[in-house]
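Below, each chain spelled out in residue letters.
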Amino acid sequence: MKAMVLEKVSSVAERPLKLVDLPTPVAGRGQILVRVSACGVCHTELDEIEGRIPPSRFPMILGHEIVGRVESLGPGAGRFREGDRVGIAWINWACGKCLFCLKGQENLCETATWTGKDVYGGYAEYTVVAEDFAYPIPEGFTDLKAAPLLCAGVIGYRALRLSGMEDGKVLGLYGFGASAHIVIQVAKYEYPDGRVFVFTRPNQREHQDLARELGADWIGATGDTPPEKLNCAIDFTPVGEPVREALRNLQKGGRVVVNAIRKTTPIPELDYTEHLWYEKEVKSVANVTRRDAQEFLPLAAEIPIVAESQEFGLEEANEALVLLKEGKIRGAAVMSMTR
Ligand SMILES: [Zn+2]
Ligand SMILES: [Zn+2]
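Notes on the structure follow.

About the thresholds
- Residues numbered from 1 in each chain as written.
- Chains lettered and ligands numbered in written order.
- Predicted model: local features only at pLDDT ≥ 70, side-chain atom pairs only at ≥ 80, totals over all residues.
- Heavy atoms only, no water.
- Helix = DSSP H or I, 4+ residues; strand = E, 2+ residues; numbered from the N terminus.
- Rg over C-alpha atoms; globule rule 2.2 N^0.38 Å.
- Buried < 20%, exposed > 50% of the residue type's maximum accessible area, 1.4 Å probe, protein only.
- Contact = heavy atoms within 4.5 Å.
- Lys, Arg positive; Asp, Glu negative; His and termini not counted.
- Charge placed at Lys NZ, Arg CZ, Asp CG, Glu CD.
- Donors = N, O, S within 2.8 Å, 3.2 Å for Na, K, Ca; no water.
- Tetrahedral: all angles 85-135°; square planar, octahedral: opposite > 155°, others 65-115°.
- Salt bridge = Lys/Arg side-chain N within 4 Å of Asp/Glu carboxyl O.
- Core = buried A, V, L, I, M, F, W, Y, C linked by side-chain atoms within 4.5 Å.
- Phe/Tyr/Trp six-rings, centres within 6.5 Å; stacked < 30°, edge-to-face > 60°.
- Lys NZ or Arg CZ within 6 Å of the ring centre and 35° of its normal.

1. Some remarks on the overall build of the chain
- Across its full length, the chain carries ten helices and 17 strands.
- Taken over the C-alpha trace, the chain has a radius of gyration of 19 Å; the compact-globule value for 339 residues is 20 Å, and the two agree within 12%.
- Along the longest, intermediate and shortest principal axes, the C-alpha atoms of the chain span 60 × 40 × 35 Å.
- Within the chain, the fraction of its 339 residues that count as buried is 54%.
- Look at the contacts in the chain between residues 6 or more apart in sequence, and 73% of them connect residues 24 or more apart.
- Averaged over its 39 positive side-chain charges, the chain has a centre that lies 2 Å from the centre of its 46 negative ones.

Shown next as structure tokens:
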């Protein structure tokens, strides 16, 4: 099979992924072999390539927003049939026995493995996964439109739940890329009387235009003071400053959820009175559980979520990653294996 592999920690600008031919994997016990049709390109891949959260071994096939069809079943696998359309997300496996797993927090499992970091992911024509960690994709989404739902969508949904957003309240979104443009659609659907304020980099006109089209109630730049305090906020940016900004603009008792696996710059020093007093909270979101995906995918079909996507071929993975790093993707970047 064709695959784009990462051989070592590198700079994204060097276009480090190499196209190689590898043996097609074989589904083991309880696993399914999936013929990949689309794979989203996520910010986490930038963190993996640049070493902020490096793969656990090299070479590695990145990619954890996978949509494809079941090609064959391993011994003992029976949840799906050959030809079924399935999705694979960041969580590839969890032990099911540790204290976190037993409490439904398999996103915090001590021995979990992550797709495209510990095991081969979706920047390839085929991949294998335990059948319990694959999800049916609702009809109504094309493969390309479904792919960004598997990470940008699922983790955005988790972040929105953790934010404590309620109807009639104000939600702030810092950064408006793949995840935020899905979250705004969920928020508008679930909280019809809530308002969503969007903050982008000052020069991101495309992102601001998309936010306007999707119903943002106010749009500004990070650093701006919105017309009203935020009851809750989600930070999707790769840098530290917006966390402090969100805390500055937060209403008493509010919460800022940081939806990032790593930051490229530190969170600047906080002033206790200005940023934290009055019971303000900061909480990170780490990984996803199967339940997040099982709840979110049907909801996405019910809304229905319209994911903006920019399409690339497998061989164009490096170009997609460079554009993502520059903040130049409108919505989500997705690779089509048939392109
Ligand atoms: Zn991701
Ligand atoms: Zn566990």
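Now that the structure has been shown, the text picks up again.
2. Considerations on the coordination of the zinc ion (ligand 2)
- Surrounding the zinc ion (ligand 2) are the protein donor atoms C95 (SG), C98 (SG), C101 (SG) and C109 (SG), which sit 2.3 to 2.4 Å from the metal.
- Because the angles between the four donor atoms bound to the zinc ion (ligand 2) fall within 104 to 115 degrees, the donor set is best described as tetrahedral.
- Each donor residue of the zinc ion (ligand 2) belongs to the same chain, with the gaps between them written as C-x2-C-x2-C-x7-C.
- Relative accessible area serves as the criterion here: at 15%, C98 is assigned to the buried category.

3. Considerations on the pattern of salt bridges
- A full pass over the atoms with the stated rule returns 26 salt bridges.
- For D143, the salt bridge identified is with R69, shortest N-O distance 3.1 Å. Taken as a pair, D143 in helix α3 (residues 143-146) and R69 in strand β4 (residues 66-73) lie far apart in primary sequence, 74 residues in all.
- Residue classification places D143 among the buried positions, given a relative accessible area of 16%.
- One salt bridge in this structure joins R158 and D292, with 2.9 Å as the shortest N-O distance.

4. What about the coordination of the zinc ion (ligand 1)?
- The protein atoms donating to the zinc ion (ligand 1) are C42 (SG), H64 (NE2) and C151 (SG), with metal-donor distances spanning 2.0 to 2.2 Å.
- Considered as a linear motif, the donors of the zinc ion (ligand 1) on their single chain read C-x21-H-x86-C. Taken as a pair, C42 in the loop between β3 (31-41) and α1 (43-49) and H64 in the loop between α1 and β4 lie far apart in primary sequence, 22 residues in all.
- Note on H64: relative accessible area 1%, which makes it buried.

5. A short note on the nonpolar core
- Within the largest apolar cluster, 101 residues are counted, with the highest numbers of intra-cluster contacts made by L17, Y123, L160, L171, L173, F296 and M335.
- Discounting chain neighbours no more than four positions away, the residues touching M335 are S37, A38, C39, V41, Y123, L144, F312, G313, L314 and A317.
- Counting 13 residues, the second-largest nonpolar core is a separate cluster that includes Y174, F197, W218 and V258.

6. Re the packing of aromatic side chains
- By the definition in use, this model includes six aromatic pairs.
- Ring geometry for Y157 versus F296: centroids 5.6 Å apart, planes at 35 degrees, classification tilted. Of this pair, Y157 sits in helix α4 (residues 152-163) while F296 sits in helix α9 (residues 290-302), and the two are 139 residues apart along the sequence.
- Taken together, the ring pairs in this structure connect Y174, F197, F199 and W218 into an aromatic cluster.
- The aromatic ring of F133 is capped on one face by R290, whose charged end is 3.9 Å from the ring centroid.

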